Amino acid sequence: MSTFETIAAKVRNNQRISSEEALALFESNELLAIGELAALVNDRKNGKSVFFNVNRHINPTNICVNRCAFCAFSRTAGEEGAYTLALEDICRRAVEAEGEGATEVHIVGGLHPDLPLEYYEEVLRAIRAAAPSLHIKAFTAVEIEYFSRIAACSIERVLERLMAAGLGSMPGGGAEILVEEVRNKICPEKISGKRWLEIIRQAHLAGLKTNATMLYGHLETFADRVAHMEMLRCLQDETGGFQAFIPLAFQTENSDLKLATRGTSGLDDLKTLAIARIFLDNFDHIKAYWVMLGEKIAQVSLAFGVNDLDGTVVEEKIGHDAGAVSPQSLTKEGIITLIRKAGKLPVERDTLYRPLRSF
Ligand code: V47
Ligand code: SF4
(Lines give C-alpha, C1' and ligand atoms only; values in the text may rest on other atoms or scores of the structure.)
(Ligands and ions follow the chains in the order given, each with its own letter.)
Protein backbone atom coordinates (compact mmCIF):
# COMPACT_ATOMS: atom_id res chain seq x y z
CA MET A 1 0.00 0.00 0.00
CA SER A 2 1.21 3.54 -0.70
CA THR A 3 1.71 5.89 2.24
CA PHE A 4 -1.42 7.73 1.22
CA GLU A 5 -3.46 4.52 1.10
CA THR A 6 -2.20 3.55 4.57
CA ILE A 7 -3.23 6.95 5.92
CA ALA A 8 -6.59 6.82 4.15
CA ALA A 9 -7.30 3.37 5.58
CA LYS A 10 -6.54 4.62 9.08
CA VAL A 11 -8.82 7.63 8.69
CA ARG A 12 -11.63 5.47 7.32
CA ASN A 13 -11.22 3.16 10.32
CA ASN A 14 -11.35 6.06 12.76
CA GLN A 15 -7.71 5.65 13.76
CA ARG A 16 -5.46 8.50 14.77
CA ILE A 17 -2.75 9.41 12.25
CA SER A 18 0.83 10.06 13.37
CA SER A 19 2.88 13.24 12.98
CA GLU A 20 4.93 11.52 10.26
CA GLU A 21 1.73 10.74 8.39
CA ALA A 22 0.46 14.31 8.73
CA LEU A 23 3.79 15.50 7.33
CA ALA A 24 3.44 13.09 4.42
CA LEU A 25 0.03 14.66 3.68
CA PHE A 26 1.56 18.17 3.70
CA GLU A 27 4.24 16.96 1.30
CA SER A 28 1.80 15.28 -1.07
CA ASN A 29 0.08 17.01 -3.96
CA GLU A 30 -3.12 15.03 -3.54
CA LEU A 31 -5.20 18.02 -2.50
CA LEU A 32 -8.54 16.58 -3.56
CA ALA A 33 -7.91 13.18 -1.97
CA ILE A 34 -6.82 14.86 1.29
CA GLY A 35 -9.92 17.07 1.12
CA GLU A 36 -12.13 14.04 0.63
CA LEU A 37 -10.71 12.36 3.75
CA ALA A 38 -11.14 15.57 5.74
CA ALA A 39 -14.72 15.86 4.50
CA LEU A 40 -15.35 12.29 5.64
CA VAL A 41 -14.02 13.05 9.14
CA ASN A 42 -16.11 16.21 9.33
CA ASP A 43 -19.21 14.50 8.02
CA ARG A 44 -18.99 11.92 10.81
CA LYS A 45 -18.65 14.66 13.42
CA ASN A 46 -20.97 17.34 12.12
CA GLY A 47 -22.99 16.05 9.16
CA LYS A 48 -24.09 18.80 6.80
CA SER A 49 -24.27 21.48 9.48
CA VAL A 50 -21.93 24.44 9.30
CA PHE A 51 -21.82 26.71 12.31
CA PHE A 52 -21.47 30.47 12.28
CA ASN A 53 -21.94 33.08 14.96
CA VAL A 54 -23.00 36.68 15.06
CA ASN A 55 -20.25 38.52 16.85
CA ARG A 56 -18.31 41.74 17.03
CA HIS A 57 -14.59 42.18 17.46
CA ILE A 58 -13.38 44.97 19.73
CA ASN A 59 -9.67 45.77 20.08
CA PRO A 60 -9.40 48.15 23.07
CA THR A 61 -5.84 49.23 22.30
CA ASN A 62 -3.17 48.65 19.68
CA ILE A 63 -0.39 49.86 21.98
CA CYS A 64 1.81 46.87 22.70
CA VAL A 65 5.14 46.36 24.40
CA ASN A 66 5.87 43.18 22.42
CA ARG A 67 5.94 44.42 18.80
CA CYS A 68 6.05 40.96 17.20
CA ALA A 69 7.76 41.01 13.81
CA PHE A 70 4.67 39.75 11.94
CA CYS A 71 2.19 42.15 13.55
CA ALA A 72 1.06 45.20 11.57
CA PHE A 73 -1.62 46.09 14.11
CA SER A 74 0.53 47.09 17.08
CA ARG A 75 2.06 50.50 17.83
CA THR A 76 4.38 51.88 20.46
CA ALA A 77 2.81 54.46 22.81
CA GLY A 78 3.01 57.91 21.24
CA GLU A 79 3.55 56.56 17.72
CA GLU A 80 1.25 57.75 14.93
CA GLY A 81 -1.87 55.62 14.78
CA ALA A 82 -1.60 54.41 18.39
CA TYR A 83 -4.99 54.35 20.12
CA THR A 84 -6.74 53.27 23.28
CA LEU A 85 -10.52 53.22 23.29
CA ALA A 86 -12.38 54.92 26.12
CA LEU A 87 -14.54 52.63 28.24
CA GLU A 88 -17.66 54.36 26.86
CA ASP A 89 -16.56 53.57 23.28
CA ILE A 90 -16.10 49.91 24.13
CA CYS A 91 -19.54 49.81 25.77
CA ARG A 92 -21.15 51.65 22.86
CA ARG A 93 -19.78 49.04 20.44
CA ALA A 94 -21.05 46.22 22.67
CA VAL A 95 -24.53 47.76 23.02
CA GLU A 96 -24.69 48.30 19.25
CA ALA A 97 -23.66 44.68 18.70
CA GLU A 98 -26.33 43.39 21.07
CA GLY A 99 -28.93 45.57 19.33
CA GLU A 100 -27.91 44.07 15.98
CA GLY A 101 -28.41 40.52 17.20
CA ALA A 102 -24.85 39.59 18.18
CA THR A 103 -24.43 36.93 20.85
CA GLU A 104 -20.70 37.45 21.43
CA VAL A 105 -18.02 40.11 21.72
CA HIS A 106 -14.47 39.05 20.94
CA ILE A 107 -12.01 41.30 22.75
CA VAL A 108 -8.24 41.22 22.27
CA GLY A 109 -5.66 43.95 22.24
CA GLY A 110 -2.04 44.91 22.66
CA LEU A 111 -0.04 44.56 25.88
CA HIS A 112 -0.41 48.12 27.11
CA PRO A 113 2.46 49.43 29.24
CA ASP A 114 0.30 51.38 31.72
CA LEU A 115 -3.21 49.95 31.98
CA PRO A 116 -3.63 47.88 35.17
CA LEU A 117 -5.54 44.61 35.55
CA GLU A 118 -8.35 46.62 37.18
CA TYR A 119 -8.93 48.33 33.80
CA TYR A 120 -9.66 44.97 32.14
CA GLU A 121 -11.95 43.96 34.98
CA GLU A 122 -13.75 47.26 34.50
CA VAL A 123 -14.11 46.62 30.75
CA LEU A 124 -15.72 43.24 31.45
CA ARG A 125 -18.03 44.60 34.16
CA ALA A 126 -19.06 47.56 32.03
CA ILE A 127 -19.94 45.32 29.06
CA ARG A 128 -21.82 42.92 31.29
CA ALA A 129 -23.87 45.80 32.69
CA ALA A 130 -24.46 47.53 29.34
CA ALA A 131 -25.13 44.46 27.18
CA PRO A 132 -25.97 41.59 29.54
CA SER A 133 -26.97 39.06 26.88
CA LEU A 134 -23.53 39.04 25.24
CA HIS A 135 -21.01 36.28 25.91
CA ILE A 136 -17.60 37.85 26.44
CA LYS A 137 -14.80 35.89 24.75
CA ALA A 138 -11.68 37.83 25.60
CA PHE A 139 -7.93 37.92 26.12
CA THR A 140 -5.40 35.52 24.65
CA ALA A 141 -3.08 33.44 26.81
CA VAL A 142 -0.43 36.08 26.05
CA GLU A 143 -2.57 38.83 27.57
CA ILE A 144 -3.47 36.69 30.61
CA GLU A 145 0.21 36.06 31.29
CA TYR A 146 0.97 39.78 30.91
CA PHE A 147 -1.81 40.70 33.34
CA SER A 148 -0.37 38.29 35.89
CA ARG A 149 3.00 40.02 35.62
CA ILE A 150 1.71 43.60 35.85
CA ALA A 151 -0.64 42.74 38.73
CA ALA A 152 1.95 40.49 40.41
CA CYS A 153 -0.53 37.70 40.97
CA SER A 154 -0.84 34.10 39.85
CA ILE A 155 -2.42 33.01 36.56
CA GLU A 156 -5.05 31.23 38.59
CA ARG A 157 -5.94 34.44 40.43
CA VAL A 158 -6.03 36.52 37.22
CA LEU A 159 -8.44 34.03 35.67
CA GLU A 160 -10.56 33.99 38.80
CA ARG A 161 -10.77 37.78 38.87
CA LEU A 162 -11.59 38.10 35.17
CA MET A 163 -14.20 35.33 35.35
CA ALA A 164 -15.81 37.07 38.33
CA ALA A 165 -15.95 40.23 36.22
CA GLY A 166 -17.67 38.49 33.30
CA LEU A 167 -15.10 36.61 31.21
CA GLY A 168 -16.93 33.72 29.52
CA SER A 169 -14.25 32.06 27.38
CA MET A 170 -10.94 32.79 25.65
CA PRO A 171 -10.00 33.12 21.99
CA GLY A 172 -7.13 31.12 20.54
CA GLY A 173 -4.71 33.88 19.59
CA GLY A 174 -1.07 34.20 20.53
CA ALA A 175 -0.27 30.58 19.65
CA GLU A 176 1.45 31.58 16.38
CA ILE A 177 3.81 28.62 15.91
CA LEU A 178 4.53 26.95 19.25
CA VAL A 179 7.90 25.55 18.09
CA GLU A 180 10.46 27.72 19.92
CA GLU A 181 12.96 28.03 17.09
CA VAL A 182 10.41 29.68 14.79
CA ARG A 183 8.75 31.59 17.62
CA ASN A 184 12.06 33.18 18.61
CA LYS A 185 12.34 34.59 15.10
CA ILE A 186 8.81 35.85 14.53
CA CYS A 187 7.92 37.05 18.04
CA PRO A 188 10.98 36.98 20.31
CA GLU A 189 9.31 39.07 23.03
CA LYS A 190 6.25 36.87 23.26
CA ILE A 191 5.84 34.17 25.93
CA SER A 192 7.26 30.80 24.89
CA GLY A 193 5.16 28.12 23.25
CA LYS A 194 5.50 26.05 26.41
CA ARG A 195 4.17 28.92 28.51
CA TRP A 196 1.27 29.51 26.08
CA LEU A 197 0.25 25.87 26.52
CA GLU A 198 0.61 26.14 30.29
CA ILE A 199 -1.66 29.22 30.50
CA ILE A 200 -4.25 27.51 28.32
CA ARG A 201 -4.05 24.39 30.49
CA GLN A 202 -4.78 26.54 33.53
CA ALA A 203 -7.66 28.25 31.75
CA HIS A 204 -9.17 24.86 30.90
CA LEU A 205 -8.70 23.71 34.50
CA ALA A 206 -10.45 26.87 35.67
CA GLY A 207 -13.43 25.87 33.52
CA LEU A 208 -12.90 28.22 30.59
CA LYS A 209 -13.23 26.95 27.05
CA THR A 210 -10.66 28.31 24.61
CA ASN A 211 -9.77 28.06 20.95
CA ALA A 212 -6.36 27.44 19.42
CA THR A 213 -4.91 29.23 16.40
CA MET A 214 -1.89 28.66 14.18
CA LEU A 215 -0.27 31.47 12.21
CA TYR A 216 1.11 29.91 9.02
CA GLY A 217 2.69 31.05 5.78
CA HIS A 218 5.81 32.80 7.14
CA LEU A 219 9.08 31.16 8.21
CA GLU A 220 7.67 27.86 9.41
CA THR A 221 8.12 24.50 7.69
CA PHE A 222 5.44 21.85 7.26
CA ALA A 223 7.17 19.94 10.08
CA ASP A 224 6.70 23.00 12.36
CA ARG A 225 2.99 23.09 11.55
CA VAL A 226 2.66 19.42 12.41
CA ALA A 227 4.66 19.84 15.65
CA HIS A 228 2.37 22.77 16.57
CA MET A 229 -0.75 20.70 16.00
CA GLU A 230 0.76 17.74 17.87
CA MET A 231 1.24 19.92 20.97
CA LEU A 232 -2.39 21.03 20.75
CA ARG A 233 -3.64 17.47 20.26
CA CYS A 234 -1.70 16.36 23.35
CA LEU A 235 -3.13 19.13 25.53
CA GLN A 236 -6.62 18.45 24.21
CA ASP A 237 -6.25 14.77 25.19
CA GLU A 238 -5.48 15.98 28.68
CA THR A 239 -8.07 18.75 29.21
CA GLY A 240 -10.71 18.61 26.45
CA GLY A 241 -10.96 22.40 26.80
CA PHE A 242 -10.41 23.43 23.18
CA GLN A 243 -13.47 24.17 21.11
CA ALA A 244 -12.11 25.08 17.67
CA PHE A 245 -8.82 25.07 15.80
CA ILE A 246 -8.32 28.13 13.59
CA PRO A 247 -5.42 28.27 11.14
CA LEU A 248 -4.62 31.95 10.44
CA ALA A 249 -3.22 32.63 6.97
CA PHE A 250 -0.39 35.14 7.28
CA GLN A 251 -1.14 38.57 5.74
CA THR A 252 2.16 39.98 4.58
CA GLU A 253 1.78 43.76 4.28
CA ASN A 254 3.17 46.31 6.74
CA SER A 255 4.95 43.68 8.80
CA ASP A 256 8.62 43.60 9.74
CA LEU A 257 8.91 39.99 8.85
CA LYS A 258 11.06 40.71 5.83
CA LEU A 259 11.95 37.10 5.12
CA ALA A 260 8.34 36.18 5.04
CA THR A 261 6.97 37.66 1.90
CA ARG A 262 5.50 34.38 0.80
CA GLY A 263 2.13 34.43 2.57
CA THR A 264 -0.13 31.54 1.66
CA SER A 265 -1.73 30.21 -1.51
CA GLY A 266 -5.31 29.00 -1.84
CA LEU A 267 -3.99 25.48 -2.21
CA ASP A 268 -1.93 25.76 0.97
CA ASP A 269 -4.92 27.19 2.86
CA LEU A 270 -7.20 24.31 1.86
CA LYS A 271 -4.57 21.65 2.48
CA THR A 272 -3.78 23.07 5.92
CA LEU A 273 -7.43 23.18 6.96
CA ALA A 274 -8.02 19.65 5.63
CA ILE A 275 -4.95 18.15 7.34
CA ALA A 276 -5.94 19.88 10.58
CA ARG A 277 -9.37 18.23 10.32
CA ILE A 278 -7.77 14.81 9.84
CA PHE A 279 -4.96 15.17 12.40
CA LEU A 280 -6.83 16.90 15.23
CA ASP A 281 -9.23 14.04 15.81
CA ASN A 282 -10.03 15.30 19.32
CA PHE A 283 -11.17 18.77 18.18
CA ASP A 284 -14.87 19.06 17.38
CA HIS A 285 -14.56 22.14 15.17
CA ILE A 286 -12.23 23.47 12.49
CA LYS A 287 -12.92 27.13 11.91
CA ALA A 288 -12.28 29.08 8.71
CA TYR A 289 -11.52 32.70 9.53
CA TRP A 290 -12.71 34.36 6.34
CA VAL A 291 -10.97 37.63 7.24
CA MET A 292 -7.57 36.07 6.51
CA LEU A 293 -8.68 33.51 3.89
CA GLY A 294 -11.04 35.66 1.85
CA GLU A 295 -14.67 34.69 1.44
CA LYS A 296 -14.15 32.40 -1.54
CA ILE A 297 -11.49 30.15 -0.02
CA ALA A 298 -13.48 30.12 3.22
CA GLN A 299 -16.50 28.89 1.26
CA VAL A 300 -14.56 26.22 -0.63
CA SER A 301 -13.04 25.07 2.67
CA LEU A 302 -16.50 23.80 3.65
CA ALA A 303 -15.82 20.93 1.23
CA PHE A 304 -12.41 20.34 2.88
CA GLY A 305 -13.43 19.48 6.42
CA VAL A 306 -14.30 22.91 7.83
CA ASN A 307 -17.53 23.16 9.84
CA ASP A 308 -17.39 26.65 11.35
CA LEU A 309 -17.21 30.13 9.88
CA ASP A 310 -16.19 33.11 11.97
CA GLY A 311 -18.40 35.30 12.13
CA THR A 312 -19.89 38.72 11.37
CA VAL A 313 -16.82 40.38 13.01
CA VAL A 314 -17.88 43.96 12.01
CA GLU A 315 -14.69 45.90 12.64
CA GLU A 316 -11.52 43.92 11.97
CA LYS A 317 -8.13 45.52 12.52
CA ILE A 318 -5.43 42.86 12.94
CA GLY A 319 -5.67 41.30 9.47
CA HIS A 320 -6.65 44.49 7.66
CA ASP A 321 -3.71 46.47 9.05
CA ALA A 322 -1.61 43.70 7.46
CA GLY A 323 -3.29 44.09 4.06
CA ALA A 324 -6.20 41.62 4.18
CA VAL A 325 -8.44 42.34 1.18
CA SER A 326 -11.57 40.74 2.66
CA PRO A 327 -14.38 43.08 3.76
CA GLN A 328 -14.52 44.45 7.33
CA SER A 329 -17.63 42.48 8.10
CA LEU A 330 -20.08 39.99 6.66
CA THR A 331 -23.77 40.25 7.30
CA LYS A 332 -25.58 37.30 8.80
CA GLU A 333 -27.47 36.92 5.51
CA GLY A 334 -24.16 36.97 3.63
CA ILE A 335 -22.80 34.13 5.76
CA ILE A 336 -26.01 32.11 5.43
CA THR A 337 -25.94 32.45 1.63
CA LEU A 338 -22.27 31.53 1.48
CA ILE A 339 -22.91 28.32 3.48
CA ARG A 340 -26.08 27.41 1.57
CA LYS A 341 -24.39 27.81 -1.78
CA ALA A 342 -21.78 25.31 -0.60
CA GLY A 343 -24.62 22.79 -0.18
CA LYS A 344 -24.50 22.88 3.61
CA LEU A 345 -26.94 23.69 6.39
CA PRO A 346 -26.22 27.04 8.11
CA VAL A 347 -26.60 26.80 11.90
CA GLU A 348 -26.25 29.88 14.05
CA ARG A 349 -24.50 28.95 17.29
CA ASP A 350 -23.58 30.66 20.52
CA THR A 351 -19.98 30.87 21.71
CA LEU A 352 -20.19 27.47 23.41
CA TYR A 353 -21.46 25.81 20.22
CA ARG A 354 -25.06 25.44 21.35
CA PRO A 355 -27.21 25.63 18.20
CA LEU A 356 -29.53 28.65 18.28
CA ARG A 357 -31.36 28.25 14.96
CA SER A 358 -30.80 26.76 11.54
CA PHE A 359 -31.66 28.28 8.18
O1 V47 B 1 -2.55 36.06 17.71
C2 V47 B 1 -1.40 38.93 13.75
C3 V47 B 1 -2.73 36.84 14.26
C4 V47 B 1 -4.14 36.68 16.00
C5 V47 B 1 -1.30 38.75 11.61
O6 V47 B 1 -10.32 32.33 18.86
C7 V47 B 1 -2.09 37.70 12.08
O8 V47 B 1 -12.21 32.59 17.82
C9 V47 B 1 -2.41 36.91 9.95
O10 V47 B 1 -6.43 34.95 17.32
N11 V47 B 1 -1.63 37.89 9.43
C12 V47 B 1 -5.36 37.32 16.61
N13 V47 B 1 -2.64 36.79 11.28
C14 V47 B 1 -6.62 36.84 15.93
C15 V47 B 1 -7.12 35.57 16.55
C16 V47 B 1 -8.48 35.07 16.28
C17 V47 B 1 -9.18 35.50 15.19
C18 V47 B 1 -10.47 35.01 14.98
C19 V47 B 1 -11.06 34.15 15.86
C20 V47 B 1 -10.34 33.73 16.96
C21 V47 B 1 -10.99 32.82 17.94
C22 V47 B 1 -9.05 34.18 17.18
O23 V47 B 1 -3.98 37.25 14.72
C24 V47 B 1 -2.81 36.88 16.62
C25 V47 B 1 -1.89 36.50 15.48
O26 V47 B 1 -1.68 35.13 15.43
N27 V47 B 1 -2.10 37.84 13.41
N28 V47 B 1 -0.89 39.50 12.64
C29 V47 B 1 -1.06 38.82 10.20
N30 V47 B 1 -0.30 39.77 9.67
FE1 SF4 C 1 1.33 42.74 20.50
FE2 SF4 C 1 -0.22 40.65 19.89
FE3 SF4 C 1 0.71 42.26 17.92
FE4 SF4 C 1 2.39 40.64 19.23
S5 SF4 C 1 0.66 39.99 17.92
S6 SF4 C 1 2.72 42.83 18.77
S7 SF4 C 1 1.55 40.64 21.30
S8 SF4 C 1 -0.71 42.84 19.56
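See the structure above.
A brief structural summary. (Residues numbered from 1 in each chain as written. Chains lettered and ligands numbered in written order. Predicted model: local features only at pLDDT ≥ 70, side-chain atom pairs only at ≥ 80, totals over all residues. Heavy atoms only, no water.)

**Re the site of ligand 2**
Just so we agree on the cut-off: When we say a residue is near a molecule or strand, we mean one of its heavy atoms is within 4 Å of it. For this scheme, ten residues count as nonpolar: Ala, Val, Leu, Ile, Met, Phe, Trp, Tyr, Cys and Pro. Four count as charged, namely Asp, Glu, Lys and Arg, and the remainder, Gly too, count as polar.
Around ligand 2 sit C64, N66, R67, C68, F70, C71, S74, G110 and K190, and those are all the residues in its vicinity. Along the lines of polarity and charge, the residues of the shell around ligand 2 split into four nonpolar, three polar and two charged.

**Some remarks on the pattern of salt bridges**
What counts here: For this document, the term salt bridge refers to a Lys or Arg side-chain nitrogen within 4 Å of an Asp or Glu carboxyl oxygen. For the purposes of this entry, the term helix denotes a DSSP run of H or I that reaches at least four residues, the term strand denotes a run of E that reaches at least two, and both are numbered from the N terminus. In this scheme, a residue with accessible area under 20% of its type's maximum is buried, one over 50% is exposed, and one in between is partly exposed, where area comes from a 1.4 Å probe on protein chains only.
Going through the model one piece at a time under the given rule, you end up with 27 salt bridges. With a shortest N-O distance of 2.8 Å, D237 and R16 are connected by a salt bridge. Linking D237 in helix α10 (residues 222-239) with R16 in the loop between α1 (3-12) and α2 (19-27), this pair joins segments that are 221 residues apart in sequence. Of the residues examined, D237 reaches a relative accessible area of 47% and is grouped as partly exposed. Residues participating in the shared-partner salt-bridge network are R56, D89, R92, R93, E96, E315 and K317.

**Brief notes about the environment of G263**
To be explicit about the condition: Contact definition: two residues touch when any of their heavy atoms are within 4.5 Å.
Secondary-structure assignment places G263 in the loop between β6 (242-249) and α11 (266-279). Residue G263 is classed as buried on the basis of its relative accessible area, which comes to 9%. Put simply, G263 and V41 are 222 residues apart on the chain and 28 Å apart in space, counted from C-alpha to C-alpha. If we ignore the near neighbours within four places in the chain, the residues touching G263 are G217, F250 and T252.

**Brief notes about the packing of aromatic side chains**
We describe a pair of aromatic rings using the distance from one ring centre to the other and the angle between the two ring planes. What counts here: Any two of the Phe, Tyr and Trp rings considered here, Trp counted by its six-membered ring, make a pair once their centres fall within 6.5 Å; the pair's planes then place it as stacked at under 30 degrees, edge-to-face at over 60, or tilted in between. We count a charge as sitting over a ring when the NZ of a lysine or the CZ of an arginine lies within 6 Å of the ring centre and within 35 degrees of the ring normal.
Using the criterion set out here, one finds nine aromatic pairs in the structure. Aromatic side chains F51 and Y353 sit 5.6 Å apart centroid to centroid with 85 degrees between the ring planes, which places their arrangement in the edge-to-face category. In this pair, F51 is assigned in strand β1 (residues 49-52) and Y353 in the loop between β9 (345-349) and β10 (355-358), connecting sequence segments 302 residues apart. Judged by relative accessible area, F51 falls into the buried class, the value being 10%. When its relative accessible area of 10% is taken as the criterion, Y353 is described as buried. Connected via pairs of aromatic rings, a cluster forms that spans Y119, Y120, F139 and F147. Here the guanidinium or amino end of R233 rests over the ring plane of F279, the centre of that ring lying 3.8 Å away. Sitting over the face of the ring of Y353, R349 holds its NZ or CZ atom 4.0 Å from the ring centroid.

**As for the site of ligand 1**
Convention followed: Pairs of N or O atoms within 3.5 Å make up the polar contacts considered here, provided that, within protein, one atom can donate a hydrogen while the other can accept it, and that residues adjacent in sequence are counted only when both atoms are side-chain atoms.
In the vicinity of ligand 1 there are 22 residues, among which K137, G172, G174, E176 and K287 approach most closely. The separation between an oxygen atom of ligand 1 and a polar side-chain atom of K137 is 2.7 Å. Interatomic distance of 2.7 Å between a backbone N/O atom of G172 and an oxygen atom of ligand 1. Residue assignment for the shell around ligand 1 shows that the elements contributing at least two residues are β5 (210-216), β6 and β7 (285-289).

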